[in-house]
Amino acid sequence: MALLQISEPGESPNPHQRRIAVGIDLGTTHSLVACVRHGVAECLPDAQGAVILPSVVRYLADGGRKIGAEAQVALALDPENTIASVKRFMGRSLSDVAGADKLPYRFADHPGMLGLHTAQGEKSPVEVSADILATLRYRAEDTMGDDLFGAVITVPAYFDDAQRQATKDAAQLAGLNVLRLIHEPTAAAIAYGLDNGSEGVYAIYDLGGGTFDISILRLTRGVFEVVATGGDSALGGDDYDQALADWVMAHAGRTVSSPADKAALKQAARRCKEALSATDSVAFQAQLTGSELVFDVTISDFEAATQALTARTLTAVRQALRDAQLTVQEVQGVVMVGGSTRMPQVQRAVGSYFGRAPLNNLNPDEVVALGAALQANQLAGNNAGGDLLLLDVIPLSLGLETMGGLVERIVPRNETIPTAKAQDFTTYQDGQTALALHVVQGERDLVADCRSLARFELRGIPPMAAGAARIRVTFTVDADGLLSVSALEQGSGVEAHIDVKPSYGLADDQIARMLQDSFTTAEADMQARALVEARVDADRMLLATHSALSADGDLLAVDERDAVDALMAALRTISTCDEAAQIEAATQALAKGTEAFAALRMNRGILKALAGKNIAAV
Amino acid sequence: MNLQSSDFELFGLPARFAQERAEIDQRWKDLQRETHPDRFAAQGAAAQRLAMQWSVRINEAYQRLKDPIKRAAYLCELRGAPVNAENNTAMPAAFLMQQMAWREALDDAGSVAELGGLEQQIMASRASALQACATLLDDQGDAQGAVQQVRALMFIQRFNHDLQTRQERLETAQRGQ
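None of the values given here were measured: they were computed from a predicted structure. (Residues numbered from 1 in each chain as written. Chains lettered and ligands numbered in written order. Predicted model: local features only at pLDDT ≥ 70, side-chain atom pairs only at ≥ 80, totals over all residues.)

> Break down the overall build of chain A for me, citing the residues and quoting the values.
Looking only at helices and strands, chain A has 15 helices and 27 strands in total. Looking at chain A as a whole, 44% of its 618 residues qualify as buried. Contacts spanning at least 24 positions in sequence make up 67% of the contacts within chain A whose residues lie at least 6 apart. (Helix = DSSP H or I, 4+ residues; strand = E, 2+ residues; numbered from the N terminus. Buried ≥ 20, exposed ≤ 12 C-beta atoms within 10 Å, placed from the backbone. Contact = placed C-beta atoms within 7 Å.)

> Talk me through the interface of chain A and chain B; I want residue IDs and the actual numbers.
Note on interface size: it is often stated as the accessible area lost on association of the parts. Taken residue by residue, the interface counts 34 residues in chain A and 27 residues in chain B. If you list the elements that add at least two residues to the side of chain A that touches chain B, you get β12 (178-183), β19 (389-391), β22 (419-425), α11 (523-552), α14 (595-610) and α15 (614-617) of chain A. If you tally residues by element for the side of chain A that touches chain B, the top one is α14(A), at eleven residues.

> Break down the domain arrangement of chain B for me, with residues and values.
Domain annotation for chain B reports domain 1 (7-66) and domain 2 (93-176). For domain 1 of chain B and domain 2 of chain B, the distance between their C-alpha centroids amounts to 31 Å. (Domains from an automatic or database assignment.)

> Lay out the environment of Gln588(A) with the relevant residues and their values.
All names here are of chain A. You can see Gln 588 is positioned in helix α13 (residues 580-593). The class for Gln 588 is partly exposed, based on 16 C-beta atoms found within 10 Å. Between the alpha carbons of Gln 588 and Leu 391 there is a distance of 30 Å; along the sequence they are 197 residues apart.

> A description of the pairing of strand β23 (residues 434-441) of chain A should follow, citing residues and the corresponding values.
On a regular strand, one side chain projects to one face of the sheet and the next to the other, so that they alternate. All names here are of chain A. Note: strand β20 (residues 398-402) against β23, three bridges, orientation antiparallel. Pairing of Leu 400 across the sheet is with Val 439, part of β23. Pairing geometry for β23 and strand β24 (residues 451-459), over eight bridges, is antiparallel. By the bridge assignment, Val 440 is partnered in β24 with Ser 452. (Pairing = 2+ DSSP bridges.)

> If you had to explain the sheet that holds strand β18 (residues 331-337) of chain A to someone new, which residues and values would you point to?
Residues and elements named next belong to chain A. Taking strand neighbours across the sheet as the criterion, the five strands line up as β18-β13-β14-β15-β19 in an open arrangement whose pairing is mixed. Edge strands, defined here as strands with exactly one partner in the open sheet, are β18 and β19. With direction set aside, neighbouring strand axes in the sheet form an average angle of 25°. Taken strand by strand, helix α7 (residues 299-324) contacts β13 (200-207), β14 (212-220) and β15 (223-232), and its axis lies near 140° from that of β15. (Axes fitted to C-alpha atoms, helices over the stretch in contact; angles between N-to-C directions.)

> Pulling in residues and values, what's your account of the nonpolar core?
A general trend in soluble globular proteins is that nonpolar side chains are found buried together. If you look at the biggest cluster of nonpolar residues, it comprises 184 residues, and the most contacted ones within it are Val22(A), Ala34(A), Leu133(A), Ala151(A) and Ala373(A). If one sorts the elements of this core by residue count, helix α3 (residues 44-66) of chain B sits on top with ten residues. Ignoring any residue separated from it by four or fewer positions in sequence, one finds Val22(A) in contact with Val33(A), Ala34(A), Cys35(A), Ala140(A), Leu148(A), Ala151(A), Ala373(A) and Ala376(A). In this structure, Ala73(B), Tyr74(B), Val83(B) and Ala129(B) belong to the second largest nonpolar core, which totals 18 residues. (Core = buried A, V, L, I, M, F, W, Y, C linked by C-beta atoms within 7 Å.)

> Describe the packing of helix α2 (residues 125-144) of chain A against helix α3 (residues 161-173) of chain A, with residues and values.
All names here are of chain A. Between α2 and α3, the shortest axis-to-axis distance is 8 Å and the interhelical angle comes to 55°. Viewed along their axes, α2 and α3 adopt a mutual orientation that is oblique. The handedness of the crossing between α2 and α3 is right-handed. Mapping the contact onto sequence places Pro 125, Val 126, Glu 127, Ser 129, Ala 130 and Leu 133 in α2 and Ala 166, Asp 169, Ala 170, Ala 171 and Leu 173 in α3. Here the residues of the contact of α2 with α3 are counted per class, giving eight nonpolar, one polar and two charged. (Parallel < 35°, antiparallel > 145°, perpendicular 65-115°, else oblique. Left-handed = near helix turned anticlockwise from the far one by under 90°. Nonpolar A, V, L, I, M, F, W, Y, C, P; charged D, E, K, R; others polar.)

> Which residues make up the domain arrangement of chain A, and what values go with them?
What the domain assignment reports for chain A is domain 1 (21-183), domain 2 (237-305), domain 3 (398-506) and domain 4 (522-610). A separation of 33 Å is found between the C-alpha centroids of domain 1 of chain A and domain 4 of chain A.

> Give a description of unusual backbone geometry that names residues and reports values.
Residue and element names in this part refer to chain A. The omega torsion across Ile 417 and Pro 418 is 0°, close enough to zero to call that bond cis. Positive phi is not limited to glycine here, since Ser 85 has a value of about 50°. Looking at the secondary structure, you find Ser 85 in the loop between β7 (82-84) and β8 (106-108).

> Now, about α2(A): what can you tell me, with residues and values included?
All names here are of chain A. Its 20 residues place the ends of α2 28 Å apart at the C-alpha level, agreeing with the 28 Å of an ideal helix rising 1.5 Å per residue. In terms of burial, α2 is largely enclosed, as 14 of its 20 residues are buried. Looking one or two residues past α2, Gly 145 carries a phi angle of roughly 65°, positive in sign. (Expected span 1.5 Å × (residues − 1).)

> Can you break down the sheet that holds strand β9 (residues 115-118) of chain A residue by residue, with the values?
Residue and element names in this part refer to chain A. Overall, antiparallel pairing links the three strands, which are arranged β8-β9-β10 in an open sheet. On the outer flanks of this sheet lie β8 and β10 (121-123), each paired with one strand and no other. Sheet twist, expressed as the average angle between the axes of neighbouring strands with direction ignored, equals 40°. Where β9 and β10 come together, three bridges link them in antiparallel fashion. Bridged to His 117 within β10 is Glu 122.

Below, the structure written as structure tokens:
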């Protein structure tokens, strides 16, 4: 029998015993939302019972928009206004997108991120993604019958800083409180790890529609430690379709040139590929201009035609194992993620490389969202005694441009995040008073071969002889894998700082403009929403303080405790008023008033972690 | 305990060179369990900032403690004998001769098997330099002497990196045939 809980006299019981936190897989071809219900993670279906939301958004001339399956049916009908696979454009400029000329969109070229001209004007990929995320948010809120506390959103492990930031901006635009961005393969591992209670080293092989990720994880008593990650952000199921189509054309002695025929071939290749997951031989059928092409394809033909692609994935696997300093024999299991791992030749190649049958008992389409939901539940504090801890890494090295266009690496790839690294630089010329810093990401030695993330300047350095200034540049990467950089001239204390964001992503005022433009945000709605958000934040802060006090209240002296109690009482009273700004101020006051308490708690936690160990070590 | 505590204090380990890697790994995970920002995701921005500072500090200490060369260099510095690798590259003549011989062997090696032989030599040198570090730091209290060994280890590490790169290139070429 469950025991009823009675709160201490004078203390209010928790207003929400459980916070609704969801996991969202924002995929290239489709997206899903999952939530932990009754202790089990499950994907939430829409009103029609479908859990998969095609990642397609159509903008209509009358101002309406269609999202998901309703948009997908219009792909051929209204290609310019129907945006599919928008994930490929996140944080990308036009020159970054391979084969952009083959796509039906009217692109707008911008230095940071490209835009798409639609019947509703120019749309940023961030806005398109936000429409998909908002659809999933509403689905979750309708299903759970409550506002969302927050969401964990997955990104490919190989996403760079620009792509991550764009994803986070999209979530903000969709009104989601992002608890964390986590890597898709890591999310998959969580889904598997918790189900199977596994320990040891695991490889996660994630072949999606457009990207390939490989992650090597070590699992020990609830700690998911990512040891190395690697991949190819432009290799996926789409390339297998293309290779199959090319093979058929070569063997049938045919060529095509019209865009319509090319599209028909691609569609036919996709159907043929999917059929070959179940049978050994199938007829490749495509309706081309003038005649129908029919050609028999066996699974071994398909395998031969795509061998080079599968080999490329295994090269990345080899590199990741090398980075992890592990051998194939030390890997205890291989988890398959992504719809493209359904191809039998991929299963076979991976199985034979690792010398063991891959794990594929969870639905490869759903596993990422399920893992994200488990992590979201944990981060929201629902799984109080939960001991799941995720220690993830940064996938690509971060550095600075130095003389001669060379990269000085500051944070090497596969460092556990959060991390901060500092390096000292100096001036090149006598009397130099400013220093231009160019932040890049990538593994190559030349700046030209890496991705440029940001440029900023440190000004006001006192004139000195060349080489006399000591400029310490610090790179900080947070738990979402996002970078900020600061520079400090040690002698004079002159400082400059940049959150590596405005040069490619969206500045906060741009986000604000989009929010204004958005269909949910007429002036009155904006105010209502601000008020709701202020109250949710106040609630969150009160709850957090409440549970901190019940756990470690003894750390505070009586007067300190009284001060915190007074701030809490004040916030409780104010949060019933209708002024968002007042509520925010009171929330801030409580946050500020509990900073010292938080520091005391952190210290206690560390001492607890070390307790009983020092004796053995001395 | 504060952010300025030494890596050893932070991890509750004696400040010496000889360490059990498994012990370092375990403490790292125990400490991250208490400080990682994920543990404070529902507790507002101030708690996140504090957790981030601690988590970063613990990762920094972990990177230094788990790598024997960084650990040795850190101990030398704690004991007043900084390695200053970038400013001071003077090495004994015998060591430099050895380096040159290795470089030549690396340039001449035409097969993975030949590189394997060279790799064994490098690993043996590395092991003996690490052993010397342990003796100098833990038994003889000679940080100045250990600095020389740390510099040698840095040379060996760089050479080993070049050797691995070469090996990968040869392996890739062999697979391609």
